[in-house]
Amino acid sequence: MTKTQKSKDNLIQNPKSKIQNRKVVILSGNNAVANALRQVDPHVYPGYPITPSTKIMETVAEFIANGKMQCEMVAVESEHSAMSAAVGAAAGGARVASATAANGLAFMWEVLYIASGSHLPIVLAIGNRALSAPINGFADHGESMGSRDAGWIQFYSESVQEAYDNIIQAFRIGEDSRVRLPVMVCLDGFLLTHTSENITMQGDDEVTDFVGPYHAEFSLLDPDKPVSHGLSDPPSYYMEHKMRQQAGMEKAREVIEEVGAEYGKRFGRPYGLVDPYCMDDAETAIIILGSEAGRVKGVVDKMREAGKKVGALRLRTVRPFPDEQIVRQLLGLKAVAIMDRSYAPGAVGAPMFQEVRSALYDYRDSAPPIVNRIYGLGGRELRNADVRNIFAELDALADGDATVPVIQMVGLRGEPAPTWEEMRPLETPIAVAAKRGK
Amino acid sequence: MSSLAPDVPANGLPIWDELPPGGVSEDAGSTSRRTMGFWRGGGQRPLIDLNLCVQCLHCWVSCPDACFILEDGQVTCINYDHCKGCGICANECPPMVNAIVLVEERRFG
């Protein structure tokens, strides 16, 4: 059964969904996010424009000017101020959304922690873009990966459709009383933000009904229940508050699954923490996140036609990190590659590689060998041939070939690129093993 | 085997899931019950001369710690339990009036 058939059946089984309100429209990622925001209509949008997410703010401003949103837009002087205004408005009990990218997110850094530490369910769209320097402007996950420990829930969208769906779900997830945490919805710069796609847009009333009204638990503007926000924590309280944050993040796992399932039931597009593709009988697989998952799935389709047992696992969330779901999918495979669109200088591999490898440690006796392929930095194109090469390397790895590099860049000129192991001083055991393998 | 982490005595403080999330205090204004005037330390103390005061209330509206006590809409005195000696009141008092002066704390012994 194809995906479309599945979703149609789902709608037929649920006559309550107001399908007459749905329409298929051609929208770019930015436009789809702005339309989702129009339908949710948050109270406040503090914003500062930055490529490639400028169009989100621009379109929201247009909707407000045309009377299609009641939202209050606060045009501030920087991203630091945008997030500060978001924190202030959210502490005042408002539902708040904003959008930024790359250096803009980096400039918000300090206040990201204040938003999450204060349990303010702000929704922030990120048009993923490489950080300067060198100034670049094209897609990679460097900025959002850098902020993965800022206490925000993080979604990575594969398509314009998913970016739209994620924004709507983000409000429900972040505002859930079990969670109360801010949510980032990432969509790859230009690849999604500026690419137009046919998407199904739900009706305005359907979205309003799904998201529901927002009641802040603690509002500075509620005279019947006066509270103080942003107090100082002595050493005798700080750890207790961090534990509280952790509990919200752990609860988010089930809330994301619940909301994703309900979304599927109502609108025909269910979501979970991970998105396995052809994983049931796969022998080798690629783990990836973001828009290039579509390319990997396409290559998987082609290789399946040729009888190769390959699969793809897309991570929809990075925080909370879906370790259990990943382990469940990976055990029994013969070799796995983790593809990162970001890198961590001086670390042993890029962020997702580190975390997947760490998740597999408790299962190290039965875990497949895993390698890291770093691709697409600063918008570098990933080619189908690159993906096929990685699957070929995985085949070699599955056959016990010790010369397959562990950590390597893909798409660097003058291939094969030196591996991380080769670049180490010669006397370290890892480098020696790599040299011996050659 | 369960955790061997030693128990940390609560000493009457709330444990983590008893606290409102995000460092929120439901006891708004609790600071008024604490005397923080000692923060002035060896700094300056504002003195107000009510004979000169024209009751413009600039000091009252600009004091960050709400230290100016009003009775029937008139400034009557300064609450030194909360005054940190920032001097904003003396600065805001109109130059032609100059009813507030800052005096070094050590002169009060």
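Position labels on residues start from 1 in each chain and follow its written sequence. Here every chain gets a letter starting at A, and every ligand a number starting at 1, in the order they are written. A pLDDT threshold of at least 70 governs which residues receive local features in this predicted model, and a stricter bar of 80 or more applies before side-chain atom pairs are shown or counted, although totals over entire chains, interfaces and linings include all residues. By convention in this description, side-chain values take in all heavy atoms of the structure and omit both hydrogens and water.

(A) Spotlight on the overall build of chain B. From N to C terminus, chain B includes two helices and four strands. Computation of the radius of gyration draws on C-alpha atoms, with the globule rule given as 2.2 Å multiplied by the number of residues to the power 0.38. In summary, chain B has a C-alpha radius of gyration of 21 Å against a globular reference of 13 Å for 109 residues, an excess of more than 25%. Among the 109 residues that make up chain B, the fraction classed as buried is 28%. Any two residues whose heavy atoms approach within 4.5 Å at even a single point are treated as in contact. Considering only intrachain contacts with a sequence separation of at least 6, the fraction spanning at least 24 residues in chain B is 66%. The Shrake-Rupley method, run with a 1.4 Å probe sphere, supplies the accessible areas, and residue values consider only the shown protein chains as cover. Carbon and sulfur atoms provide 53% of the accessible area of chain B, an area that totals close to 7,400 Å². In this tally, Asp and Glu contribute negative charge and Lys and Arg positive charge; neither His nor the terminal groups of the chain are included. Where a charge lies is defined by one atom per residue type: Lys uses NZ, Arg uses CZ, Asp uses CG and Glu uses CD. Between the centroid of the 7 positive side chains of chain B and the centroid of its 13 negative side chains there is a distance of 12 Å. Secondary structure is summarised from DSSP: a helix means a run of H or I of at least four residues, a strand means a run of E of at least two, and numbering begins at the N terminus for each. Whether a residue is buried, partly exposed or exposed follows from its accessible area with a 1.4 Å probe, protein chains only, as a fraction of its type maximum: under 20%, in between, or over 50%, in that order.

(B) Inspection of the sheet that holds strand 15 (residues 407–409) of chain A at higher detail. Residues and elements named next belong to chain A. Should DSSP find at least two bridges between two strands, the strands are regarded as paired. Strand order in the open sheet formed by six strands is 9-11-10-13-14-15, and the pairing between neighbours is mixed. With partners counted over all chains shown, the strands left at the sheet margins are strand 9 (274–277) and strand 15, one partner each. On average, adjacent strands in this sheet sit at an angle of 20 degrees to one another, irrespective of strand direction. Sheet topology places strand 14 (residues 370–374) next to strand 15; three bridges connect them, and they run parallel. Considered in strand 15, the bridge of Ile374 is made with Met409. What counts as an axis is a line fitted to C-alpha atoms, over the stretch in contact for a helix, and the angles between N-to-C directions run from 0 to 180 degrees. Each of strand 10 (284–288), strand 11 (310–315), strand 13 (335–340), strand 14 and strand 15 is contacted by helix 12 (residues 351–359), which is oriented at about 145 degrees to strand 13, the strand it contacts most. The sheet contacts of helix 13 (residues 384–398) involve strand 10, strand 11, strand 13, strand 14 and strand 15, and relative to strand 10 the element is tilted by about 130 degrees.

(C) Layout of unusual backbone geometry. Residue and element names in this part refer to chain A. Residue Pro52 is bonded to the preceding Thr51 through a cis peptide linkage, with omega at 0 degrees. Topologically, Pro52 is positioned in the loop between strand 2 (44–47) and helix 3 (54–65). Put simply, Ala133 and Pro134 share a cis peptide bond, and its omega is -10 degrees. On the secondary structure map, Pro134 appears in the loop between strand 5 (123–128) and helix 6 (142–146).

(D) Local environment of helix 3 of chain A. Residue and element names in this part refer to chain A. Expected span of a helix: the number of residues minus one, times 1.5 Å. Helix length check: helix 3, at 12 residues, gives a terminal C-alpha distance of 17 Å against a target of 16 Å (1.5 Å per residue), a fit within 8%. Considering only its buried residues, helix 3 is in contact with helix 2 (29–40), strand 2, strand 3 (72–75), strand 4 (97–100) and strand 5. Just downstream of helix 3, Gly67 is the residue with a positive phi angle, here 75 degrees.

(E) Here's a closer look at the packing of helix 2 of chain A against helix 7 (residues 160–175) of chain A. Residue and element names in this part refer to chain A. Remark: helix 2 packs on helix 7, axes separated minimally by 8 Å, with the N-to-C direction vectors making an angle of 30 degrees. By the angle class used here, helix 2 and helix 7 are roughly parallel. Regarding helix 2 and helix 7, the two cross each other, and that crossing is right-handed. Contacts between helix 2 and helix 7 pair Gly29, Ala32, Val33, Ala36, Leu37, Gln39 and Val40 from the former with Val160, Ala163, Tyr164, Ile167, Ile168 and Phe171 from the latter. Amino acids are sorted into nonpolar (Ala, Val, Leu, Ile, Met, Phe, Trp, Tyr, Cys and Pro), charged (Asp, Glu, Lys and Arg) and polar (every other residue, Gly among them). In terms of residue class, the contact of helix 2 with helix 7 is made up of 11 nonpolar, two polar and no charged. Small angles under 35 degrees read as roughly parallel and large ones over 145 as roughly antiparallel, with 65 to 115 read as roughly perpendicular and the rest as oblique. Rotating anticlockwise by less than a right angle from the far helix to the near helix defines a left-handed crossing, while the corresponding clockwise rotation defines a right-handed one.

(F) Geometry of the interface of chain B and chain A. If you look at the interface, chain B gives 15 residues, while chain A gives 18 residues. Roughly 1,500 Å² of surface becomes buried between chain B and chain A when both sides are summed, with 68% attributable to carbon and sulfur atoms. A pairing counts as a salt bridge when a side-chain nitrogen of Lys or Arg comes within 4 Å of a carboxyl oxygen of Asp or Glu. Summed over the shared surface of chain B and chain A, the result is zero salt bridges. Pairs of N or O atoms within 3.5 Å make up the polar contacts considered here, provided that, within protein, one atom can donate a hydrogen while the other can accept it, and that residues adjacent in sequence are counted only when both atoms are side-chain atoms. At the junction of chain B with chain A, the criterion picks out three residue pairs in polar contact (both at pLDDT 80 or more). Looking at the side of chain B that touches chain A residue by residue, the classes come out as nine nonpolar, four polar and two charged. Accessible surface is computed with a 1.4 Å probe, and the buried area is the amount of it that two parts give up when combined, taken over both parts together.

(G) Region of the structure containing the pattern of salt bridges. Using the criterion set out here, one finds 36 salt bridges over all chains in the structure. Measuring nitrogen to oxygen at the nearest pair gives 2.8 Å for the salt bridge that ties Asp386(A) to Arg383(A). On the basis of relative accessible area, Arg383(A) is assigned to the partly exposed category, the value being 40%. One salt bridge connects Arg106(B) with Glu104(B), and the closest N-O pair in it is separated by 3.0 Å. Each of Glu158(A), Glu162(A), Asp275(A), Lys297(A), Arg314(A) and Arg316(A) takes part in a single network of salt bridges with overlapping partners.

Read these as layout, nothing more, since geometry by itself doesn't imply function.
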